[in-house]
Each structure stands twice: as structure tokens, then as C-alpha cells.
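Structural features, examined
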Amino acid sequence: MTRVWPVVRGLGGVTILALLVVRVGTGPFLEGVRLLDARSLAAAAGIGVVATVSCAWRWSLVARGLGVPLPLPGAVAACYRAQLVNATLPGGIVGDVHRAVRHGRGTGDLGRGLRAVAWERSAGQAVQLGLAFLVLLLLPSPVRGSIPAITAAVAGVALALWLLARVLSRSGPSPAARAIRALRTDLRSALFQGTAGLGILLASVLAVTAHVATFLLAARVAGSSSSPVLVLPLALLVLLAMGLPTNVAGWGPREGVAAWAFASAGLGADLGVATAVVYGVMALVASLPGAVVIAAGWLREKDRTLRDDVRRQAPQPVRVLEGTAHG
């Protein structure tokens, strides 16, 4: 099953893209690429710096709370590397798994390294979801009428899970009780320790704002003349879709939801696809500093290997027997 699931996820993204080509043709895809220029790509890269540093700051705060400190410069470099890997490999999470494993091994605690990235990602997704619900509730969007019911359903599920966790945590030394207590300890340490919670919230808001700004820029480049107030809810819907693991190097759900959302808002599916394509290329360009990080790491590793080889091949000093040293 573990081998089949990645294939299924990739096929999901390919299927969405194939259906879009059948529905709107290849024109919007090609148009999205054609409309890009150096100025828009430079602007996207600049906005990407804000998003990457914000995510790295959030990760650093969470890691420190869990007892596996991570300096901000190292976190920024690792986030750039992870973004490039996520943007070029299916699934969209391979880069995050890599940075989690690398950090965990570097600190000698793989479990905490993995949990730091898991909580960092979860915190970001939770803040993004909350902002999306707020915007979709206040501004016109294709799902505005459904937001109250969805909010009530999410709140109900959250309440039920909280009550279940309270009951299970009191069930003595059972595995479920131990897991819930560990989860609660992680939450207190990683997300709510001192002022870390405010920092994590601020970093998450900055990251979401940067992603939304990139999408609004992409819509403008793709030819949209609509007010940002109209495009903002659509941007958040697309960003939520991008969190789905069913994609091919980021492509698939993003373009599908963009086509549906723009069509539902009366802007046309073609414009939605073109905007998503522009956004995808902008995100890829913004992650290119990750190539420098990867190259630098490869050169350091090669230099270390070369030094080790030279050390092993160097002639060993001849030891003089103690008795012959004095004749």
C-alpha cells in the first residue's frame, strides 16, 4: 500500500490536468507562460523571500520549543531547499520530510526533528484555514453561502475530538492515553510556550499574506483587471487546494480549483488556469535559491570526502623503535 499511494496521488494530479486540457485546451497553459516577464518574476522572488523567512522563523520557534534548537539562517537555507524539492517532485512534501530528517539527525533526535516540521506545517495550515474561512465568510465567493455550515461542521468535529481526547487521556496507561498526553505536551512546548505562540501566529500570517500577494500578482500578469477584493477569496481557495497531496510537482489541484473558482466568479475558467500557471512558475522561480543551497551542500560534502581520501592515502610516519633511537 505504501508503494501504491504515491502513484495514486500522482495519477490524481495528472488526471486533473488532463481534464483541464480537454475542457479549456492548451491555450491558457501556454498563455500563462508567455505572459511572464523578468519584472514579474523578480517581484515574485522578492515576495518569496518574505514567505520563506516567515516559514523558517516559524520552524525555528517550534523547534526551540521542542528542545531541538535551529538557528534562523540554517532554517532559511533548509526551507529554500525544501521548496525547490517540493516544486520539482510529486506530492509536495518530499522537501519537508528531507529537512525534518536532516534536522533530526543533526541534533541527534530524529523523532523531535520530525515532529518540529509536522507541527510547523500544521500551525501554518491552521492559520491559513482560519484566515480563509474569515475572508470567505466576509467577501463574495463561490462558497460564501456554504461557509457557515462548513464552519459549524468543523467546529463540531473539533469539539468531538477534544472531548474524546479528554476521555482517552484519563484511561490510565493505555497506548491511546500515552499518545494523547504526549500530543498535549508537544502542543504546550512547541506552540504555546511563552511568547512563541504569538511569533508562530505572526510568522504564519506573514507567510499566507506573501502567498496571497503572489497570487494577486499572478492574476494581474495573466490579464485580470478585477478588484483584489474579488480575487482575494479565489486566491485563498486555490491556496487551500495546494495543500492537497494529490499533485505533480505542485500542479493539478491548483489549476483545477482555479479554473472552477474563476468560472464560478464569472471571470472565466481560462483566466483561472492561466493565473494558476503563472503562479506555479513564479513559485518555482522563487524557490531557485534552493539550488544554490543544494549545490553548496554537495560541494561541502565533496570537499570533505576529498580531504578524507587524502588523509587515508597519505604515508604514515615511521615510528622508530624506542631501543634503537639511542643507538
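The following refers to the structure shown. (Residues numbered from 1 in each chain as written. Predicted model: local features only at pLDDT ≥ 70, side-chain atom pairs only at ≥ 80, totals over all residues. Heavy atoms only, no water.)

1. Focus: the layout of surface pockets
Computed from the structure, the largest pocket encloses a volume of approximately 1,000 Å³. Lining the largest pocket are 47 residues, and of these Q83, N86, R121, H211 and M242 sit closest to its centre. Breaking the lining of the largest pocket down by element, the ones donating at least two residues are α3 (38-65), α4 (72-88), α5 (94-107), α6 (110-138), α9 (196-221), α10 (228-242), α11 (253-264) and α12 (269-286). When its residues are assigned to classes, the lining of the largest pocket shows 24 nonpolar, 17 polar and six charged. Around the second largest pocket sit V154, V157, A158, L161, W162, A165, R166, I180, L183, R184 and L187, which together line it. Taken together, the elements giving at least two residues each to the lining of the second largest pocket come down to α7 (147-169) and α8 (175-190). Ranked by the residues each element gives to the lining of the second largest pocket, the list is headed by α7, at seven residues. (1 Å grid on protein atoms, 1.4 Å probe; cavity = no way out; pocket = protein on both sides within 12 Å on 5 of 7 lines; lining within 4 Å. Points joined across faces, edges and corners; volume = space filled by probe spheres on them. Helix = DSSP H or I, 4+ residues; strand = E, 2+ residues; numbered from the N terminus. Nonpolar A, V, L, I, M, F, W, Y, C, P; charged D, E, K, R; others polar.)

2. Quick word on the packing of α10 against α11
The N-to-C vectors of α10 and α11 enclose an angle of 150°; their axes lie 8 Å apart at closest approach. Relative to α11, the element α10 is oriented roughly antiparallel. Crossing angle aside, the handedness with which α10 passes α11 is right-handed. Taking contact as the criterion, the partners of V231, L234, L237, V238, A241 and M242 in α10 are, on α11, P253, R254, V257, A258, W260, A261 and F262. Its residues assigned to classes, the contact of α10 with α11 shows twelve nonpolar, no polar and one charged. (Axes fitted to C-alpha atoms, helices over the stretch in contact; angles between N-to-C directions. Parallel < 35°, antiparallel > 145°, perpendicular 65-115°, else oblique. Left-handed = near helix turned anticlockwise from the far one by under 90°. Contact = heavy atoms within 4.5 Å.)

3. Regarding the side chain of S226
Inspection of the secondary structure assignment puts S226 in the loop between α9 and α10. Accessibility expressed as a relative area gives 16% for S226, which makes it buried. (Buried < 20%, exposed > 50% of the residue type's maximum accessible area, 1.4 Å probe, protein only.)

4. Some points on the packing of α3 against α4
Where α3 contacts α4, the two axes come as close as 8 Å, and the packing angle between them is 120°. On the basis of the axis angle, α3 is oblique to α4. Read as a crossing pair, α3 and α4 show a hand that is right-handed. Between α3 and α4, the residues in contact are G48, V49, T52, V53, C55, A56, W57, W59 and S60 and L72, A75, V76, A78, C79, Y80 and Q83, respectively. The residue inventory of the contact of α3 with α4, partitioned by class, reads twelve nonpolar, four polar and no charged.

5. Section: the nonpolar core
If you look at the biggest cluster of nonpolar residues, it comprises 31 residues, and the most contacted ones within it are L136, V212, F215, L236, F262, V278 and M282. If you list the elements that add at least two residues to this core, you get α6, α9, α10, α11 and α12. The contact partners of F262, leaving out residues within four places of it in the chain, are F215, V231, L234, L267, G268, L271, G272 and T275. (Core = buried A, V, L, I, M, F, W, Y, C linked by side-chain atoms within 4.5 Å.)

6. Section: the packing of aromatic side chains
As enumerated under the stated definition, the model contains two aromatic pairs in all. Both rings, one in F215 and one in F262, keep their centres 6.3 Å apart while their planes meet at 55°; by these two values the pair is tilted. With F215 in helix α9 and F262 in helix α11, this pair connects stretches of sequence that are 47 residues apart. Taken as a pair, F215 and F262 share a single burial class, namely buried. Look at F215 and Y279: their rings are 5.8 Å apart centre to centre, the planes differ by 50°, and that puts the pair in the tilted class. With F215 in helix α9 and Y279 in helix α12, this pair connects stretches of sequence that are 64 residues apart. With a relative accessible area of 0%, F215 lands in the buried category. Judged by relative accessible area, Y279 falls into the buried class, the value being 3%. Three or more aromatic residues joined by ring pairs form one cluster here, namely F215, F262 and Y279. The ring centre of W59 lies 4.5 Å from the NZ or CZ of R99, which sits over that ring. (Phe/Tyr/Trp six-rings, centres within 6.5 Å; stacked < 30°, edge-to-face > 60°. Lys NZ or Arg CZ within 6 Å of the ring centre and 35° of its normal.)

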